[in-house]
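For reference, the chains in residue letters:
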Amino acid sequence: MLDEMVFRSEDVAVADRFDLWHDLMSSTHAPMDLTSDSAADFRGTLRLMDLGGITLWPASFPQLTFHRTPSRIRQSDPETVNLSLVVHGDALTHWPDRPQRAIRVGDFHMNVSSVPMDVCGFGPWIEMIGVEVPRSSLSLPWDRVRDVLGRDLQGRTGIGALVAQFLTQVTSHTGDYRQADAPRLGRVLADLVSAQFAQVLDAEDGLPPETRTRSLTLELMAFIRRHLADTDLTPSSVAAARHISRSHLHRLFQAQGTTVAAYIREQRLEGARRELADGAGEIPVHAIAARWGFKDHATFTRSFRAAYGVAPRDFRHAAHLLPDPAGR
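Treat the numbers as computed from the prediction; the structure is a model and nothing was measured.

## Let's talk about the confidence of the model for the chain
Move 1: Confidence along the chain averages 91 in pLDDT terms, with 96% of residues attaining 70 or more.
Move 2: Mean pLDDT in the chain bottoms out at helix H12 (residues 312-321), which sits at 82, and peaks at strand S4 (residues 54-61), which reaches 96.
Move 3: In this model, residues 324-328 is a region of pLDDT below 50 whose contacts with residues beyond four sequence positions or in other chains number zero contacts.

Right, here's the structure in full:
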């Protein structure tokens, strides 16, 4: 499981809550000033995860405004990029030399520690997933990174969707990873953020080959996961969708220690396994198999037994006999 530090303002005295939150924000990103309508009794939660020098921090809090002023920049500039995915609530961002920009759920806010900014989050409650990426971890020149400020950064399409999926997956399922995985996750995240910025700037050709390769592989994997229900999903259709050759596609997956066909099968089986464990018992097993792209029930049953050592029907029966963690 990934190590994380959790701060809940309600665990400390009311008088200290906002000051401690201010200190935590200043140490996580860079020195800043904060104002809030709820400063007198501030109630926020923040989790901090170190991914090999890249900091991941999901947080929830009431109305809050972040001020990164020129004097604060002179005080300290760690030369980091903050990228925050808005999960709940809205925000308004302003920079001195750029028009203000409204940020909605599913959008990213991006800030560079070297540039003054004001970000006002509107409540009554805000949820976001923040990430701090050092300048040295990005694959773009620093001046090009600054050019991203004020651009439209959506988390629903393109590389932005991959970044949003990555942040959501890692922060929601920390138990799926070991602490030894943290540096690798950090490298993947830095590549994705670099690729997202390059896509916005139309500068993908300026990325190092290894960054482009890793980003392309993740795009292909995301495409496969989105189309698992398609029974005609094959290596050929995946390659055609991204306009690359089948040989190039196979080399990318070989570098990950797998094959395209094996990855498709594993993802389908895992999706069916989750549904068998969590879904309603009245849904026939063959219907679940079809929903995950298996053409016939016999093939699904053989594949499931080979992967998990038990038939799908028996697995569901056993899973539903386990105690419910929620006490239902």
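## A short note on the packing of aromatic side chains
To describe a pair of aromatic rings, you give the distance between the ring centres and the angle between the ring planes.
Move 1: Under the criterion given, the structure shown has ten aromatic pairs.
Move 2: Look at phenylalanine 294 and phenylalanine 300: their rings are 5.0 Å apart centre to centre, the planes differ by 55 degrees, and that puts the pair in the tilted class.
Move 3: Take phenylalanine 300: its relative accessible area is 0%, and that puts it in the buried class.

## A word on the pattern of salt bridges
Move 1: Using the criterion set out here, one finds 18 salt bridges in the structure.
Move 2: The salt bridge involving arginine 104 is made with aspartate 90; its shortest N-O contact spans 3.8 Å. On the criterion of sequence distance, the pair formed by arginine 104 in the loop between strand S7 (98-103) and strand S8 (108-112) and aspartate 90 in strand S6 (residues 80-95) is long-range, its members being 14 residues apart.
Move 3: With a relative accessible area of 47%, arginine 104 lands in the partly exposed category.
Move 4: On the accessibility criterion, aspartate 90 (30% relative accessible area) is partly exposed.
Move 5: Across the pair arginine 144 and aspartate 147 runs a salt bridge whose closest N-O atoms are separated by 2.9 Å.
Move 6: Arginine 144 gets classed as partly exposed once you look at its relative accessible area, which sits at 28%.
Move 7: We classify aspartate 147 as partly exposed; its relative accessible area is 31%.

## Notes on the environment of serine 84
Move 1: Residue placement: serine 84 occurs in strand S6.
Move 2: Expressed as a C-alpha distance, the spacing of serine 84 and methionine 110, which sit 26 residues apart in the sequence, is 6.4 Å.
Move 3: Ignoring sequence-local partners within four residues, the contact set of serine 84 consists of Trp57, Asp107, Phe108, His109, Met128, Ile129 and Gly130.
Move 4: A distance of 3.0 Å separates the side chain of serine 84 from the side chain of asparagine 82, its partner in a polar contact.

## What to know about helix H6 (residues 209-226)
Three or four residues apart is the spacing at which side chains of an α-helix point the same way, because the helix has 3.6 residues per turn.
Move 1: In this model, H6 (18 residues) spans 26 Å end to end at C-alpha, consistent with the 26 Å of a helix rising 1.5 Å per residue.
Move 2: Residues Thr211, Ser215, Leu216, Thr217, Leu220, Met221, Ala222, Phe223 and Ile224 constitute the buried set of H6.
Move 3: On its buried side, H6 packs onto helix H4 (158-172), helix H5 (182-201), helix H7 (235-241), helix H8 (246-254) and helix H9 (260-278).

## Considerations on the nonpolar core
Move 1: Within the largest apolar cluster, 67 residues are counted, with the highest numbers of intra-cluster contacts made by Trp21, Met110, Leu167 and Phe197.
Move 2: Counting residues per element, this core draws most heavily on H5, which supplies eleven residues.
Move 3: When neighbours within four sequence positions are excluded, tryptophan 21 is seen to be in contact with Phe7, Leu34, Phe42, Gly44, Thr45, Leu46, Ala59, Ser60, Phe61 and Leu64.
Move 4: Counting residues in each nonpolar core, the second largest holds 27 residues, with Leu216, Ala239, Phe253 and Ile288 among its members.

## Examining unusual backbone geometry
Move 1: Backbone geometry places aspartate 202, a non-glycine residue, at a positive phi of 55 degrees.
Move 2: Of note, aspartate 202 is situated in the loop between H5 and H6.
Move 3: One non-glycine residue, histidine 243, lies in the positive phi region at around 60 degrees.
Move 4: One can find histidine 243 in the loop between H7 and H8.

Rules used in this analysis
- Residues numbered from 1 in each chain as written.
- Predicted model: local features only at pLDDT ≥ 70, side-chain atom pairs only at ≥ 80, totals over all residues.
- Heavy atoms only, no water.
- pLDDT = per-residue confidence, 0-100.
- Helix = DSSP H or I, 4+ residues; strand = E, 2+ residues; numbered from the N terminus.
- Contact = heavy atoms within 4.5 Å.
- Phe/Tyr/Trp six-rings, centres within 6.5 Å; stacked < 30°, edge-to-face > 60°.
- Buried < 20%, exposed > 50% of the residue type's maximum accessible area, 1.4 Å probe, protein only.
- Salt bridge = Lys/Arg side-chain N within 4 Å of Asp/Glu carboxyl O.
- Polar contact = N/O pair within 3.5 Å; in protein donor to acceptor, adjacent residues only side chain to side chain.
- Expected span 1.5 Å × (residues − 1).
- Core = buried A, V, L, I, M, F, W, Y, C linked by side-chain atoms within 4.5 Å.

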